[in-house]
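Structural overview for review
Chain residues, written in single-letter form:
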Amino acid sequence: MTTRFTDCPSAYPPGTHNPARRGLLKGLAASAAAPWVLPLQALAQTSTASDYKALVCVFLFGGNDGNNMVVPIDTTEFNQYQSARARLALGRETLLPITPSNGAGRRFGIHPAMPGLAQLFSSGKAAIAANVGPLLVPTTRAQYQARSVPLPAALFSHSDQQAAWQTGLADGSGRNGWGGRVMERVLAQGARNRGFAALSVTGGNIWQVGDQSLTPYKLGSSGNLGLEFFSPQGTDPLAQAVRATLAEGRGHLMQQAWLDVMQRSVDVQAVLSQALGSSTLNTAFPDTGLGRQLRLAARLISVRAALGLPRQIYFASLGGFDTHGDEQLARQADLLGELSNAATAFYNATVELGVANQVTLFTASDFGRTLASNGQGSDHGWGNHQWVLGGGVAGGRIAGTFPNLALNGPDDTDTGRWIPSTATDQLGASLGRWMGASDAQLATVFPRLAQFNGVLPLMA
């Protein structure tokens, strides 16, 4: 096993740094010559898509500190938390209390910046997946210390663990994502407008890249779709130059591939812009980066009938969670507040649209952080807690096993770095099954799933 802490720039959303670059470039090249969509015909070939379902991934880049997001507040466990966290510990009186319906009376507190998600949990519309992370096989503390079982590749490295979460392949072999692989199996290859099945409202990612032909299409949350700078009907010099370039002869193979990709972006932009022209959405969203992303996702879901797809996946993100230093408490409060406000607005939008039972949002992050403070902040961890929300969720519950908070206890590698009790495979398989994948299909999406004790009981 290789342990690296040197790649912190990848703690931010895709852009300059993207762990999926190779997979995305490969997919882009493969799809350039394919009939990716039926451009400009979509709106004439609508479908009610009564069996519609959408899965939305919100990736928290940098490694969210789950230890301060969900805190046990019964005396013994809270004292363990407070002792280990030192200056990072939140006051018990500040936490938003929840009592999971499956917790035998055990009480927890949600970070005070997250009242919206705490309320959705208490009303049965959100659940928490506890101590989830990449695994190759179930692993105990003794096995980890003895290195007697295979361990995930490059543990504690931002880019590698982002890839492990998004690919669902903890051995580092992934070249496509589990979201994309699920979609390849639940959406027919010949489905009309299949290219709209994987839409990113934040940038490049590998989670939506399929193992056959599916590639994500990037949209800008500003409302300019595809090519942020380009209006297909524009009369400005830039718009004219783009159209002239696309009309050029295509002699060289690389030139032809590039022009094909550009033309596809323009065609898709036209179709989606036309579809969004009929969108009506009254739910207010916060004017934040994630709020704008999820508002665009909700608007696209509102015009699902125009695109005629029974299944879609969306990718959104929020960065800045790599909080090693003394800014950790204030920075995380801001970020978790942004997450809670945007995700709550998104759920409310699905209620307005009548699709709350058909849309599920979940969070993911590079890894958790150590329970023990490094003197200022916390360091890279492993297992972490994630939110899952929607009308189809078995809400008001903590799914999986919450870690024992004793330092050097049964769930700790060291310094409160939790060994996951649930594999990312189990979380992904639960969501994939809800999307309609069969057990046989899930076994091909998550080839190590049989190593673990079934899917995570998350969905109603």
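Residues numbered from 1 in each chain as written. Predicted model: local features only at pLDDT ≥ 70, side-chain atom pairs only at ≥ 80, totals over all residues. Heavy atoms only, no water.

**Some thoughts on the confidence of the model for the protein chain**
Summing up the model confidence of the protein chain, the mean pLDDT is 88 and the portion of residues at 70 or higher is 86%. Counting interchain partners and residues more than four positions distant, the pLDDT-below-50 stretch residues 15–48 has 60 contacts. (pLDDT = per-residue confidence, 0-100. Contact = heavy atoms within 4.5 Å.)

**Brief notes about the nonpolar core**
Formed by 111 residues in total, the largest nonpolar core has its most connected members in Leu-294 and Phe-346. Top contributing element to this core by residue count: helix α11 (residues 328–353), with ten residues. Setting aside residues up to four positions removed in sequence, Phe-346 forms contacts with Val-56, Phe-285, Leu-294, Ala-297, Ala-298, Ile-301, Val-359 and Leu-361. Of all hydrophobic cores here, the second largest spans eleven residues; its members include Leu-135, Val-149, Leu-151 and Phe-452. (Core = buried A, V, L, I, M, F, W, Y, C linked by side-chain atoms within 4.5 Å. Buried < 20%, exposed > 50% of the residue type's maximum accessible area, 1.4 Å probe, protein only. Helix = DSSP H or I, 4+ residues; strand = E, 2+ residues; numbered from the N terminus.)

**Looking at helix α6 (residues 178–186)**
Extensive coverage of α6 is indicated by the burial of nine of its nine residues. What α6 keeps buried is the set Trp-178, Gly-179, Gly-180, Arg-181, Val-182, Met-183, Glu-184, Arg-185 and Val-186. Contacts from the buried residues of α6 go to β1 (53–61), α5 (158–167), β8 (311–319), β9 (359–365), α12 (424–435) and α13 (439–445).

**Digging into the pattern of salt bridges**
Per the counting criterion, the structure on display carries ten salt bridges. Measuring nitrogen to oxygen at the nearest pair gives 2.8 Å for the salt bridge that ties Glu-184 to Arg-194. One end of the pair, Glu-184, is in helix α6; the other, Arg-194, is in the loop between α6 and β6 (198–200), and ten residues separate them in sequence. In this structure, Glu-184 and Arg-194 share a single accessibility class: buried. (Salt bridge = Lys/Arg side-chain N within 4 Å of Asp/Glu carboxyl O.)

**As for the side chain of His-111**
For His-111, the location among the structural elements is in the loop between β4 (108–110) and α3 (115–122). Those residues in contact with His-111 that lie beyond four places of it in its chain are Asn-68, Met-69, Leu-90, Leu-95, Leu-96, Gln-332, Ala-333 and Leu-336.

**Describing the pairing of β9**
β9 sits mainly inside the fold: seven of its seven residues count as buried. Residues of β9 alternate between two faces, with Val-359, Leu-361, Thr-363 and Ser-365 on one and Thr-360, Phe-362 and Ala-364 on the opposite face, all of them buried. Looking at chain direction, β1 and β9 are connected through seven bridges and run parallel. If you follow Leu-55 over to β9, its bridge partner there is Thr-360. Here two bridges tie β9 to strand β10 (residues 384–389), and the two strands are oriented antiparallel to one another. Residue pairing across strands places Phe-362 opposite Val-388, the latter belonging to β10. (Pairing = 2+ DSSP bridges.)

**Focus on the side chain of Gln-426**
Looking at the secondary structure, you find Gln-426 in helix α12. Side-chain polar atoms of Gln-426 contact the backbone nitrogen of Ala-423, separated by 2.8 Å. Once residues within four sequence positions are removed from consideration, Gln-426 is found in contact with Leu-449, Phe-452, Asn-453, Gly-454, Val-455 and Leu-456. (Polar contact = N/O pair within 3.5 Å; in protein donor to acceptor, adjacent residues only side chain to side chain.)

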